[in-house]
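Results of the structural survey
Here's the letter readout for the chains.
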Amino acid sequence: MKMLNDLLNYENLKIYQRKDMFNFSIDTVLLARFATINNKVKNILDIGTNNAAIPLILSTQTTAHITGVEIQKDAIMLAEENVILNNRTEQIAIVHADIKEYIKVESDNKFDLVLCNPPFFKVGDYKLNEKSALLIPARHETHLTLADLIASLPKIIKNKGYFAMVHRVNRLTEIFALLTKHNFAVKRLQFIHPFYNSEAANVLIEATFCGAPGLKVEEPIIVHDENGEYSSQVQKWFSK
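Every value quoted in this text rests on a predicted model; they were computed, and no experiment measured them.

Some thoughts on the packing of aromatic side chains
- In this structure the tally under the stated criterion is 2 aromatic pairs.
- Ring geometry for Phe184 and Phe209: centres 5.1 Å apart, planes at 40°, overall tilted. Of the two residues, Phe184 sits in strand β8 (residues 184–193) while Phe209 sits in strand β9 (residues 202–209), which places them 25 residues apart along the sequence. Across the pair, exposure class does not vary: Phe184 and Phe209 are buried alike.
- Clustering of aromatic rings is evident, with ring pairs tying together Phe163, Phe184 and Phe209.
- The positively charged end of Arg188 is found above the aromatic ring belonging to Phe34, 4.0 Å away from the centroid.

Structure representation (structure tokens):
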């Protein structure tokens, strides 16, 4: 069943979602707000855009052109509907494609910024026991592995271009190794803790292609306060 929701506190932004599909999460919001947006960023790619939540949030921060690539047909239909609903058709383009195929036909189109909120779990590490088959590719590496994702980036990102992603902390060593292999320099990290006294579960990562070494670790993000509500630190990222 399709639902129409406010897109957090972003003025006049609405988003269609479906209960049987992956819906945008706190990781989606944090990634969109973590990514570097400056005057040099004119062309943005969101890999695995799902219902276009990241492009819509980004559209409140920049006039850059944004492309969302998504492999699932059902998600594409929602994404296109959401772009039209929010009058963003001139800024946001939605493409139905596997990123591994997309890079073969769009290799001449280089992006200043590429983002991805990829599947977190390797196939085999966890049971694929989702209630809906439409949730599996968003959470498990059935269609796109971490290695596939990072190997695709040099073909679509400009020299010194930014790559931003969110992932599990327990895969950070693997991520660093893959980024280094493909000539990326990790520039920023920001760890995400569910609660003040809990270990970091996820991490935001920004790297530059053919960039100079030099790493900055940002202030950690504490998602929930002692009452289980979103912390004031996180809530400030829920609006423009």
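Notes on the nonpolar core
- Of all hydrophobic cores here, the largest spans 38 residues; its most connected members are Leu7, Ile44, Leu115, Leu204 and Ile221.
- For this core, the secondary structure elements donating two or more residues are α1 (26–34), α2 (53–58), α3 (73–85), β5 (92–96), β6 (111–116) and β7 (157–168).
- Among the elements that take part in this core, α1 stands out by supplying 6 residues, more than any other.
- Here Ile44 is in contact with Ile37, Leu58, Thr62, Ala64, His65, Ile66, Thr67, Phe111, Leu113 and Leu115, once residues within four sequence places are set aside.

Quick notes on the pairing of β8
- Where burial is concerned, most of β8 is hidden: 8 out of the 10 residues are buried.
- In the sheet, β8 pairs with β9 via 8 bridges, with the strands oriented antiparallel. Across the sheet, residue Ile192 finds its bridge partner in β9, namely Asn202.
- When β8 meets strand β10 (residues 216–217), the two strands line up parallel, connected through 2 bridges. Bridging from a neighbouring strand, Arg188 pairs with Lys216 of β10.
- Bridge count between β8 and strand β11 (residues 221–222): 2 bridges; the pairing is parallel. Of the residues in β11, the one forming a bridge with His193 is Ile222.

Here we look at unusual backbone geometry
- Residue Asn87 is not a glycine yet carries a positive backbone phi of 55°.
- Note on placement: Asn87 falls in the loop between α3 and β5.
- On the accessibility criterion, Asn87 (69% relative accessible area) is exposed.
- Positive phi, close to 70°, is recorded for Asn183, a residue that is not glycine.
- As for its position among the elements, Asn183 is in the loop between α7 (172–181) and β8.

A look at the side chain of Asn86
- Here Asn86 lies in the loop between α3 and β5.
- In this structure Asn86 touches Asn12, Leu13, Lys14 and Leu56, once residues within four positions along its chain are discounted.

Considerations on α7
- Buried residues of α7: Leu172, Ile175, Leu178 and Leu179, and no others. Looking straight down α7, one finds that the buried residues subtend no more than 125° of arc, so they occupy a single side. Facing away from the buried surface of α7 by more than 90 degrees, the exposed residues are Thr173, Thr180 and Lys181.
- Looking at the buried residues of α7, the elements they touch are α6 (146–152), β7, β8 and β9.
- Positive backbone phi, approximately 70°, marks Asn183, located one or two places after α7.

Reading the values: rules and limits
Residues numbered from 1 in each chain as written. Predicted model: local features only at pLDDT ≥ 70, side-chain atom pairs only at ≥ 80, totals over all residues. Heavy atoms only, no water. Phe/Tyr/Trp six-rings, centres within 6.5 Å; stacked < 30°, edge-to-face > 60°. Helix = DSSP H or I, 4+ residues; strand = E, 2+ residues; numbered from the N terminus. Buried < 20%, exposed > 50% of the residue type's maximum accessible area, 1.4 Å probe, protein only. Lys NZ or Arg CZ within 6 Å of the ring centre and 35° of its normal. Core = buried A, V, L, I, M, F, W, Y, C linked by side-chain atoms within 4.5 Å. Contact = heavy atoms within 4.5 Å. Pairing = 2+ DSSP bridges. Arc of directions from axis to C-beta.

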